[in-house]
Amino acid sequence: RIENGEQLLGDYALFGSLQIKSRNLLIKPAIRYAYNTKYDAPVTPALNLKYKLLNQVTIRASYARGFRAPSLKELYFNFDDVNHSLFGNPELKAEESNNYTLSIGRKHLFEKFLLEGEFSAFYNDIQNQINFANINQFGGGGDTLVYLNIGEFQTKGLTARVGLRSERIKLNF
């Protein structure tokens, strides 16, 4: 079901990371270089920071640039039956993104219990996101779906977590 019976796509990458540590600060820069046989893959950096405040509070921040080339399925897979049709798209662009995260956590030890709490926020900005588009919404018969770049896409979120631990019990909310 692959267009022309056979397609090839190669993705090769090198990843490097470094850790720089002081008493209260941890810095972890990273970099990824990739070679894709169809797409010009950018160098994708990342930076993670962790700061311990008063030995009980931890603040974390991170940034990462992302890149995802379309898969063989998204580019060349064609499937057609009576209920629906799905077609790859060899004209797809690669996805690129910027990802940001910030969190603060606290730990407090009571006699035999450790109480932990963490609050975090994230933001992702994605360009050329790949997704299905129904090109036969109003026609008769089944759905006809095609992989397309749907443009920019952002996600934002907040997470809160509380945990309680002892030698025998571990609870997370």
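Note: the structure precedes this text.
Values in this document were obtained by computation on a predicted structure and should not be read as measured data. (Residues numbered from 1 in each chain as written. Predicted model: local features only at pLDDT ≥ 70, side-chain atom pairs only at ≥ 80, totals over all residues. Heavy atoms only, no water.)

(A) The arrangement of unusual backbone geometry in detail. The backbone of Leu54 shows a phi angle near 60 degrees, a positive value even though the residue is not glycine. With respect to the helices and strands, Leu54 occurs in the loop between β4 (44-53) and β5 (57-68). On the accessibility criterion, Leu54 (74% relative accessible area) is exposed. Despite not being glycine, Asn55 has its phi angle at roughly 65 degrees, a positive value. In this fold, Asn55 is placed in the loop between β4 and β5. (Helix = DSSP H or I, 4+ residues; strand = E, 2+ residues; numbered from the N terminus. Buried < 20%, exposed > 50% of the residue type's maximum accessible area, 1.4 Å probe, protein only.)

(B) How the structure looks around the nonpolar core. Tyr39, Phe67, Leu75, Leu86, Leu92 and Tyr147 are the most contacted members of the largest nonpolar core, which totals 14 residues. Leaving out residues up to four positions away in the same chain, Leu75 has contacts with Leu9, Lys38, Tyr39, Pro70, Gly88, Asn89, Pro90 and Leu92. (Core = buried A, V, L, I, M, F, W, Y, C linked by side-chain atoms within 4.5 Å. Contact = heavy atoms within 4.5 Å.)

(C) Layout of the side chain of Asn98. With respect to the secondary-structure elements, Asn98 resides in strand β8 (residues 95-110). Within polar-contact distance, the side chain of Asn98 engages the side chain of Tyr63 at 2.4 Å. Once residues within four sequence positions are removed from consideration, Asn98 is found in contact with Tyr63, Ala64, Arg65, Tyr123, Asn124 and Asp125. (Polar contact = N/O pair within 3.5 Å; in protein donor to acceptor, adjacent residues only side chain to side chain.)

(D) Representation of the pattern of salt bridges in the model. Considering all chains together, one arrives at 5 salt bridges under this definition. The partner of Glu74 in a salt bridge is Arg68, and the shortest N-O contact between them spans 3.1 Å. On the accessibility criterion, Glu74 (10% relative accessible area) is buried. A cluster of three or more residues bridged by salt bridges with shared partners is formed by Arg68, Glu74 and Glu95. (Salt bridge = Lys/Arg side-chain N within 4 Å of Asp/Glu carboxyl O.)

(E) The sheet that holds strand β10 (residues 130-134), seen in detail. One open sheet holds the 4 strands; their spatial order is β6-β7-β11-β10, and the pairing between them is mixed. At either margin of the open sheet sits one strand with a lone partner, and together these are β6 (78-80) and β10. Each strand axis lies, on average, 20 degrees off the axis of its neighbour in the sheet, ignoring direction. Direction of pairing for β10 relative to strand β11 (residues 143-149): antiparallel, over a ladder of 5 bridges. Counterpart to Asn134 in the pairing with β11 is Leu145. (Pairing = 2+ DSSP bridges. Axes fitted to C-alpha atoms, helices over the stretch in contact; angles between N-to-C directions.)

(F) Seen up close, the packing of aromatic side chains. For the coordinates displayed, the defined rule picks out 4 aromatic pairs. Consider the rings of Tyr63 and Tyr100, whose centres lie 5.2 Å apart with planes at 45 degrees: the pair is tilted. Of this pair, Tyr63 sits in strand β5 while Tyr100 sits in strand β8, and the two are 37 residues apart along the sequence. Given the relative accessible area of 39%, Tyr100 is considered partly exposed. An aromatic cluster of three or more residues is present, and its members are Tyr63, Tyr100 and Tyr123. (Phe/Tyr/Trp six-rings, centres within 6.5 Å; stacked < 30°, edge-to-face > 60°.)

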